[in-house]
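# Coordinate analysis (summary)
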Amino acid sequence: MNQLIVLGAVVLVACGGKNSPPENPYKGVQSSKSVEVTVGLETYEVRGESAMELAEQMAEKGPRGSDDEAFDAYTTWWFTWPYTPVETDEGCEADGVSVTLKLNYEMPKAAADQTWATSLTRKWRAFTGALWTHELGHGDLALAQAEDLQKRIAALPVEADCDALRQVVDTLGDQTMETHNAAQRAYDDETSHGRTQGAVFP
Ligand SMILES: [Zn+2]
């Protein structure tokens, strides 16, 4: 089962003067035909009347990385690769391979009961859009890796026995996670954690 979170895109009418902060300009989430994907969204609320105030709120309330570094948004991923070892005349093979990917996005959300200048609304919308682009990029990388792992385990040849099969699958899983982590780090390096994609505020 794919669990989709659908947040419709919000069209703001530019009417000058003041208005409420925009919703997250969210366009879609990962889904897959071969891998079971679950997507979660957590938000933390920010409030302020200027870009500086909002930036301070994100620094204060935003998610923390492994070494306590503050981020405006954060994507987390978990993989599992269950299968059933089946003994055959030739040896042992992996059956019922079903890779799962759990993604979680942590994003800032502007408190709705504020009134903002149109310029701030526009700035925030551009920023959160770019932030989503960056975080969804992490999600896409994770999904590509999960689909690749699914394909590779399902294509494994019959092993001499189920212990040998287990070893091969474990190695494949470990290698895939290493490749994946390297790809995620490279993506952050290339985009400077989203800055080159416009995810920088104010
Ligand atoms: Zn990143």
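Residues numbered from 1 in each chain as written. Predicted model: local features only at pLDDT ≥ 70, side-chain atom pairs only at ≥ 80, totals over all residues.

This part is about the overall build of the protein. In terms of regular secondary structure, the protein is built from three helices and seven strands. Listed N to C, the secondary structure of the protein is β-β-α-β-β-β-β-β-α-α in terms of helices and strands. Within the protein, the proportion of its 202 residues that are buried is 21%. (Helix = DSSP H or I, 4+ residues; strand = E, 2+ residues; numbered from the N terminus. Buried ≥ 20, exposed ≤ 12 C-beta atoms within 10 Å, placed from the backbone.)

Let us now look at the pairing of strand S6 (residues 100–110). Inspection of the sheet shows strand S2 (residues 36–46) paired to S6 by 11 bridges, in the parallel sense. Within S6, the residue paired with Glu36 across the bridge is Thr100. The pairing of strand S3 (residues 74–80) with S6 spans seven bridges and is antiparallel. Bridge pairing in S6 places Thr80 opposite Thr100. (Pairing = 2+ DSSP bridges.)

Residues Val35, Val99, Leu101, Leu131, Leu143 and Ala146 are the most contacted members of the largest nonpolar core, which totals 28 residues. Residue assignment for this core shows that the elements contributing at least two residues are S2, helix H1 (51–61), S6, helix H2 (118–154) and helix H3 (162–191). Counting residues per element, this core draws most heavily on H2, at 10 residues. Those residues in contact with Ala146 that lie beyond four places of it in its chain are Val35, Phe79, Val99 and Leu101. (Core = buried A, V, L, I, M, F, W, Y, C linked by C-beta atoms within 7 Å. Contact = placed C-beta atoms within 7 Å.)

Now for the confidence of the model for the protein. Caution applies to low-pLDDT parts of the model: their predicted coordinates are not meant to be read in detail. When pLDDT is averaged along the protein, the result is 87; 86% of the residues meet or exceed 70. The lowest-confidence element of the protein is strand S1 (residues 18–19), averaging 58 in pLDDT; the highest-confidence one is H1, averaging 96. The model gives residues 1–17 a pLDDT under 50, and that stretch makes 27 contacts with residues more than four places away or in other chains. (pLDDT = per-residue confidence, 0-100.)

Contact geometry of H2 with H3 gives a least axis separation of 10 Å together with a crossing angle of 160°. Here H3 runs roughly antiparallel to H2, going by the angle between their axes. In terms of crossing hand, the pair formed by H2 and H3 is right-handed. For the pair H2 and H3, contact is made by His134, Gly137, His138, Leu141, Ala142, Gln145, Asp148, Leu149, Arg152 and Ile153 and by Val169, Leu172, Gly173, Thr176, His180, Ala183, Gln184, Tyr187 and Thr191, respectively. Here the residues of the contact of H2 with H3 sort into eight nonpolar, nine polar and two charged. (Axes fitted to C-alpha atoms, helices over the stretch in contact; angles between N-to-C directions. Parallel < 35°, antiparallel > 145°, perpendicular 65-115°, else oblique. Left-handed = near helix turned anticlockwise from the far one by under 90°. Nonpolar A, V, L, I, M, F, W, Y, C, P; charged D, E, K, R; others polar.)

Side-chain positions along a regular strand alternate between the two faces of the sheet. Here strand S4 (residues 84–87) pairs with strand S5 (residues 92–95) via four bridges, running antiparallel. Within S5, the position partnered with Glu87 by the bridge is Cys92. Between the end of S4 and the start of S5, which pair antiparallel, lie four residues, with Gly91 showing a positive phi angle near 150°.

In this section: the sheet that holds S2. Pairing is mixed in the open sheet, where three strands are placed in the order S2-S6-S3. Among the strands making up the open sheet, the edge pair consists of S2 and S3. Between one strand and the next, the sheet's axes are offset by a mean angle of 15°, whatever the strand orientation. Running at roughly 125° to S2, H1 makes contact with S2 and S6 of the sheet.

With an omega of 0°, the peptide bond running from Phe201 to Pro202 counts as cis. Tracing the chain through its elements places Pro202 in the segment after H3. Positive phi values are uncommon outside glycine, yet Asp68 reaches one of about 70°. One non-glycine residue with positive phi stands out, namely His193, at about 55°. Among the secondary structure elements, His193 is positioned in the segment after H3. With 18 C-beta atoms packed within 10 Å, His193 lands in the partly exposed category.

Moving on: the environment of Ala183. In this structure, Ala183 sits in helix H3. Distance in space between the C-alpha atoms of Ala183 and Leu141 is 7.5 Å, their sequence separation being 42 residues.

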